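# Summary of the model geometry
If you want the building blocks of each chain, they are given just below.
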Amino acid sequence: MIKAKNICKSFGQLQVLKGVDIEVADGEFVSIIGASGAGKTTLLQIIGTLDTPDDGSLEVDGTNVLRLRGNALADFRNKHVGFVFQFHQLLPEFTALENVQIPALIARRNKKEAEAEAKEILCRLGLENRLDHKPAALSGGEKQRVAVARALINKPRLILADEPSGSLDSKNKEEMHKLLLSLKQELGLTVLVVTHDQSLAAVSDRVVEMKDGLIISD
């Protein structure tokens with residue numbers, strides 16, 4: 001699913017990634033751990049095509065994504081990758097149901113079909129009574145489940161999550177970890193997670209540790 005070789009990235013004089021090689025198999029659940037500043041989030045953003053490396057090669061789901069530009073890159077990202085961020089990034093003026101539909105509408109899918117599917121996913125995640133609530137009326141755990149639903153709406157095969165439980169209390173953290181694991185098992189998703197949470201790393205198929213812009217154990 002992911003094949004990255006010699007990924008390098010600098011911001012000014014600061015070299016954040018110093019030649020990272022990582023492969024993630026289809027259907028694998030991998031956690032990336034390491035201290036703040038190790039380069040974890042930068043690597044995740046490059047794999048998710050939100051940023052570009054200074055050097056190296058990257059294939060995601062069989063596509064050389066570094067060759068994609070403009071609309072082709074945006075279209076690939078929208079259809080092939082689902083993102084879950086630490087702070088949900090929901091649009092405050094839209095309801096849970098509307099937030100989940102947005103990636104499907106960007107992909108120019110039928111509006112009724114997108115709404116029906118968004119509703120189905122939200123109900124599956126236990127949010128059937130929260131469809132018409134805006135983010136301000138949702139708890140932290142509910143917001144993150146809406147964010148997960150949004151990540152799933154276009155049926156991506158790859159989920160990238162950056163500290164998905166980092167802003168949650170212990171009860172909601174545990175629920176989020178169980179949710180990610182069950183989605184991986186039930187839907188056959190590939191999941192790559194950046195986390196400081198050892199309990200999440202513990203349920204992963206594999207743990208990759210980064211330090212100072214390099215992978216030091218895998």
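Everything in this summary refers to the structure shown in the same document. Everything quoted here is computed from the prediction, not taken from an experiment.

Right, let's talk about helix H5 (residues 140–152) for a bit. Under the 1.5 Å per step criterion, the end-to-end length of H5 is 19 Å for 13 residues, consistent within 8% with the ideal 18 Å. Most of H5 sits inside the fold, with twelve of its 13 residues counted as buried. Turning to H5, its buried residues number three or more, namely Gly141, Glu142, Lys143, Gln144, Arg145, Val146, Ala147, Val148, Ala149, Arg150, Ala151 and Leu152.

By size, the foremost hydrophobic cluster in this structure holds 32 residues, and its most contacted members are Val100, Leu122, Val146, Val148, Leu152 and Ile159. Sorting the residues of this core by element identifies helix H3 (96–106), helix H4 (111–124), H5, strand S7 (158–162), helix H6 (170–187) and strand S8 (190–194) as the ones contributing at least two each. For this core, the leading source of residues is H5, giving six residues. Apart from residues no more than four positions distant in its own chain, Leu122 is found in contact with Ala96, Leu97, Val100, Leu127, Glu128, Leu131, Val146 and Ala149. Ranked by size, the runner-up nonpolar core spans 30 residues in total, among them Ile32, Ile47, Phe76 and Val208.

If you walk across this open sheet you meet the six strands as S6-S7-S8-S3-S9-S10, and the pairing is mixed. Two strands bound the open sheet, and with one partner strand each, they are strand S6 (81–84) and strand S10 (214–217). Averaged over all pairs of adjacent strands, the angle between their axes in this sheet comes to 25°, without regard to strand direction. Note: strand S9 (residues 206–211) against S10, three bridges, orientation antiparallel. Looking at the pairing, Glu209 lines up with Ser217 of S10. On the sheet, H5 packs against S6 and S7 and is oriented at approximately 170° with respect to S6.

In this section: the environment of Ser217. Structurally, the position occupied by Ser217 is in strand S10. We classify Ser217 as partly exposed; its relative accessible area is 32%. Ser217 sits 68 residues away from Ala149 along the chain, and the two C-alpha atoms are 32 Å apart.

Once that is clear, we can look at the packing of H3 against H5. Packed helices, taken two at a time, are described by their axes: the angle between them and the distance between them. It is the contact of H3 with H5, at a shortest axis distance of 7 Å, that shows an interaxial angle of 30°. One way to sum up the angle between H3 and H5 is to call them roughly parallel. Judged by the twist between their axes, the crossing of H3 over H5 is right-handed. Counting all contacts with H3, which are made through Ala96, Asn99, Val100 and Pro103, the residues of H5 involved are Val146, Ala149 and Arg150. In the contact of H3 with H5, the residues fall into five nonpolar, one polar and one charged.

Glancing now at the packing of H5 against H6. Two elements in contact, H5 and H6, have axes whose closest approach is 10 Å; the angle formed by their N-to-C orientations is 20°. By the angle between their axes, H5 is roughly parallel relative to H6. As for how H5 packs across H6, the hand of that crossing is right-handed. Packed against H5, whose contacting residues are Gly141, Gln144, Arg145, Val148 and Leu152, the element H6 presents Asn172, Met176, Leu179, Leu183 and Leu187 at the interface. Its residues placed into classes, the contact of H5 with H6 shows six nonpolar, three polar and one charged.

For any pair of aromatic rings, the description consists of the separation of the ring centres together with the inter-plane angle of the planes. Per the counting criterion, the structure on display carries one aromatic pair. Between the aromatic rings of Phe83 and Phe85, the centroid separation amounts to 5.9 Å while the plane-to-plane angle is 5°, which identifies the pairing as stacked. By relative accessible area, which is 15% here, Phe83 ends up buried.

Thresholds applied
Residues numbered from 1 in each chain as written. Predicted model: local features only at pLDDT ≥ 70, side-chain atom pairs only at ≥ 80, totals over all residues. Heavy atoms only, no water. Helix = DSSP H or I, 4+ residues; strand = E, 2+ residues; numbered from the N terminus. Expected span 1.5 Å × (residues − 1). Buried < 20%, exposed > 50% of the residue type's maximum accessible area, 1.4 Å probe, protein only. Core = buried A, V, L, I, M, F, W, Y, C linked by side-chain atoms within 4.5 Å. Contact = heavy atoms within 4.5 Å. Pairing = 2+ DSSP bridges. Axes fitted to C-alpha atoms, helices over the stretch in contact; angles between N-to-C directions. Parallel < 35°, antiparallel > 145°, perpendicular 65-115°, else oblique. Left-handed = near helix turned anticlockwise from the far one by under 90°. Nonpolar A, V, L, I, M, F, W, Y, C, P; charged D, E, K, R; others polar. Phe/Tyr/Trp six-rings, centres within 6.5 Å; stacked < 30°, edge-to-face > 60°.

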